[in-house]
Amino acid sequence: MAWWQLSLVGVGCTIGTGYFLGSTIGIQLTGPSIVFSFILAALGTYIVFQLLAKMTAADPQKGSFCYYASHAYGKWAGFSCGWNYWVSNILIMGSQLTALSILSQFWLPHVPLWIFAAIYAVLAIVVVLAGTKKFDQVENLLAVIKVAAIVMFIILAIAGLIGFVDGKNYNLTIPNTFNGYFTGGLQGFWSSLIYAFYAFGGIEVIGMMAMQLKKTEDASKAGTIMLFILTIIYVLSIGLAVTTVALESFDHKESPFVTAMERYHLGFFPHVFNGAIIIAGFSAMAAALFGVTNLLRTLAEDGDAPKIFAKTINFKKLPLPAMGLGAGGLLASIITALLLPGRIYEYITTAAGILLLFNWLFIILSSLKILKQSLWVKLMSIVAILLIVLAVTGTWFEETIRPGLYVSIGISALIGIIAFVIEKKRNGHEKKLV
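Quantities reported herein were computed from a predicted structural model and do not represent experimental measurements. (Residues numbered from 1 in each chain as written. Predicted model: local features only at pLDDT ≥ 70, side-chain atom pairs only at ≥ 80, totals over all residues. Heavy atoms only, no water.)

Asker: Quick question: what am I supposed to make of the overall build of the protein here?
Answerer: Within the protein, the regular secondary structure consists of 18 helices and zero strands. Within the protein, buried positions represent 55% of all 434 residues. Counting only contacts in the protein whose residues sit at least 6 apart along the sequence, the fraction spanning at least 24 positions is 81%. (Helix = DSSP H or I, 4+ residues; strand = E, 2+ residues; numbered from the N terminus. Buried < 20%, exposed > 50% of the residue type's maximum accessible area, 1.4 Å probe, protein only. Contact = heavy atoms within 4.5 Å.)

Quick look at the structure:
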């Protein structure tokens with residue numbers, strides 16, 4: 001594929017309910033300074049992607065970041081990285097599917113959640129079964145729709161401010177004090193970083209699909225354009241949302257953009273934007289299923305998963321056993337999300353976001369060992385590590401998302417223990433052969 005097609009796939013894989021819904025939680029935590037959170041997250045994401053793109057250009061591998069981790073630190077690192085990513089995407093699919101089901105009840109409130117969940121799960125499987133080429137085409141279309149929805153909000157918000165919507169002029173509420181920007185203090189700002197980073201989650205899929213580029217060296221260009229587009233529309237749209245309505249108006253069950261447009265009494269907007277959020281969530285869920293399916297096959301080929309998951313079926317040459325395990329994990333995640341009460345969406349989203357950031361740390365640390373880098377690049381790598389550590393540790397201070405931190409640490413610890421046991425057995429076997 002061409003670099004611009006990979007950029008579109010990247011946008012499609014990145015914009016999900018984490019941005020359309022999760023950003024509301026970030027706003028409630030820190031206020032208008034959520035814009036700064038997104039800028040810092042964009043910087044960290046850019047650094048991580050550039051390092052991944054450089055490793056891809058120097059040594060293209062279908063295992064992407066997992067292969068580089070294994071090459072840099074040994075098989076245990078590749079095993080840990082791969083299964084960490086697999087679990088994180090299972091959690092992402094569960095949270096997206098839960099959100100999709102709840103949003104669909106906006107139109108059909110009497111239809112049980114499990115029916116919507118089943119429909120969206122089947123549709124995602126069909127999209128992945130269509131094969132890589134069809135997947136790219138679907139993601140390109142969904143990416144255009146999602147970007148168009150955000151651009152529509154930006155245009156309507158600006159038009160509303162100058163009186164083109166309802167004939168009234170509205171003013172931007174731009175804070176002029178520190179407390180006005182950081183309504184939750186520095187602690188609230190710290191806790192909000194995880195939601196900004198989560199909105200940029202998806203660069204891993206681009207790294208895995210870079211092998212399909214006509215020129216693998218174009219991966220850096222594709223990522224740069226993708227992140228530039230995302231940063232502009234994220235910062236502009238979220239900035240307009242937090243400066244046009246009172247902060248107490250935002251509700252974590254509603255998109256901040258729908259909240260920001262309520263004062264204009266546009267009957268069509270909630271319906272259109274609700275549809276855009278559903279498209280965003282479905283797109284991200286399908287991308288996650290595509291990612292875990294191909295990753296599990298690679299893990300099996302490398303000996304980090306049972307060999308059965310490396311088998312492909314003649315139909316589209318798809319690894320159906322690997323896809324079946326992903327679907328099973330998705331089903332378990334759906335049941336958990338739908339049965340547990342309260343803020344389960346925030347818990348799962350937080351855990352998935354932290355696990356993704358753990359993989360980003362693997363990417364940075366692998367690049368430091370594999371690539372010959374200038375002092376400036378090394379300094380930027382340290383900056384990215386610090387930003388990721390801040391985003392992860394910030395979840396400790398917010399009680400509503402702290403369980404997600406516990407879950408992610410527990411999962412990573414379990415994977416690490418399994419990796420240690422397997423590595424020990426592998427070394428013992430090698431010594432016997434010698």
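Asker: Explain the side chain of Thr 243 here, please?
Answerer: For Thr 243, the position within the fold is in the loop between helix 12 (219-242) and helix 13 (256-261). In this structure the side chain of Thr 243 is engaged in a polar contact, spanning 2.7 Å, whose partner is the backbone oxygen of Gly 239. In this view, Thr 243 contacts Asn 171, Leu 172 and Thr 173; residues no more than four positions away in its chain are not counted. (Polar contact = N/O pair within 3.5 Å; in protein donor to acceptor, adjacent residues only side chain to side chain.)

Asker: Could you clarify how one ought to interpret the pattern of salt bridges in this entry?
Answerer: Oppositely charged side chains may form a pair once their charged atoms are brought near each other. Enumeration over the complete set of coordinates arrives at one salt bridge. The salt bridge partner of Lys 75 is Asp 304, with a shortest N-O separation of 4.0 Å. Note that Lys 75 is positioned in helix 6 (residues 75-104) and Asp 304 in the loop between helix 14 (268-301) and helix 15 (320-339), a separation of 229 residues in sequence. In this structure Lys 75 comes out as partly exposed when scored by relative accessible area, which is 27%. Residue Asp 304 is classed as buried on the basis of its relative accessible area, which comes to 9%. (Salt bridge = Lys/Arg side-chain N within 4 Å of Asp/Glu carboxyl O.)

Asker: It is not clear to me how the packing of aromatic side chains should be interpreted in this structure. Could you clarify?
Answerer: One pair of aromatic rings is described through two measures. These are the centre distance and the angle between the planes. Scanning all chains against the criterion turns up 20 aromatic pairs. With 6.1 Å between their ring centres and 70° between their planes, Phe 197 and Trp 360 make a pair best called edge-to-face. Placement of Phe 197 in helix 10 (residues 185-199) and of Trp 360 in helix 16 (residues 344-370) is noted, with a sequence separation of 163 residues between them. For the pair Phe 197 and Trp 360, a shared accessibility class is recorded, and that class is buried. (Phe/Tyr/Trp six-rings, centres within 6.5 Å; stacked < 30°, edge-to-face > 60°.)

Asker: Would you mind showing me how to read the environment of Gly 291 here?
Answerer: On the secondary structure map, Gly 291 appears in helix 14. Look at Gly 291 and you get buried, because its relative accessible area is 2%. Put simply, Gly 291 and Gly 326 are 35 residues apart on the chain and 9.7 Å apart in space, counted from C-alpha to C-alpha.

Asker: Can you walk me through the side chain of Thr 350 in this structure?
Answerer: Relative to the elements of secondary structure, Thr 350 occurs in helix 16. Exposure remark for Thr 350: the relative accessible area of 1% places this residue in the buried category.

Asker: What should I look at first to understand the packing of helix 3 (residues 22-30) against helix 10 in this one?
Answerer: Any two packed helices are characterised by how steeply their axes cross, that is the angle between the axes, and by the distance between the axes. As a packed pair, helix 3 and helix 10 sit with axes 8 Å apart at the nearest point and diverge in direction by 170°. In terms of axis orientation, helix 3 runs roughly antiparallel to helix 10. Residues Gly 22, Ile 25, Gly 26, Leu 29 and Thr 30 of helix 3 pack against Gly 188, Phe 189, Ser 191, Ser 192 and Tyr 195 of helix 10. (Axes fitted to C-alpha atoms, helices over the stretch in contact; angles between N-to-C directions. Parallel < 35°, antiparallel > 145°, perpendicular 65-115°, else oblique.)

Asker: Any chance you could explain the packing of helix 7 (residues 113-129) against helix 14 here in plain terms?
Answerer: Orientation of helix 7 relative to helix 14, taken along the N-to-C sense of each, is 55°, at an axis distance of 9 Å. When the axis of helix 7 is compared with that of helix 14, the two are oblique. The handedness of the crossing between helix 7 and helix 14 is right-handed. Along the contact surface, helix 7 presents Tyr 120, Ala 121, Leu 123, Ala 124, Ile 125, Val 127 and Val 128, while helix 14 presents Ile 278, Phe 282, Met 285, Ala 286, Leu 289 and Phe 290. Grouping the amino acids of the contact of helix 7 with helix 14 by side-chain chemistry returns 13 nonpolar, no polar and no charged. (Left-handed = near helix turned anticlockwise from the far one by under 90°. Nonpolar A, V, L, I, M, F, W, Y, C, P; charged D, E, K, R; others polar.)

Asker: I tried to follow the state of the cysteines on my own but got confused; where do I start?
Answerer: Note on terminology: disulfide describes a covalent bond linking the sulfur atoms of two cysteines. Under the defined criterion, the tally for this structure stands at zero disulfides. No disulfide involves Cys 66; its sulfur sits 3.7 Å from the nearest other cysteine sulfur, which is in Cys 81. By relative accessible area, Cys 81 is classed as buried at 0%. (Disulfide = S-S within 2.5 Å.)

Asker: Honestly, helix 7 in this entry has me stumped. Any pointers?
Answerer: Note on helix geometry: an α-helix contains 3.6 residues per turn, so any two residues three or four positions apart are oriented the same way. For helix 7, spanning 17 residues, the distance from its first C-alpha to its last is 24 Å, which sits close to the expected 24 Å at 1.5 Å a residue. Those residues of helix 7 not exposed but buried are Phe 116, Ala 117, Tyr 120, Ala 121, Ala 124, Val 127 and Val 128. Looking straight down helix 7, one finds its buried side chains confined to an arc of 130°; they lie on one side. For helix 7, the exposed residues lying more than 90 degrees away from the buried face are Trp 114 and Val 122. (Expected span 1.5 Å × (residues − 1). Arc of directions from axis to C-beta.)

Asker: I would appreciate a short explanation of the environment of Ser 33 in the present structure.
Answerer: Structurally, the position occupied by Ser 33 is in the loop between helix 3 and helix 4 (34-58). Taking the C-alpha atoms as reference points, Ser 33 and Asn 179, 146 residues apart in sequence, are found 9.8 Å from one another. Excluding its chain neighbours within four sequence positions, the residues that come into contact with Ser 33 are Tyr 181, Phe 182 and Phe 189.

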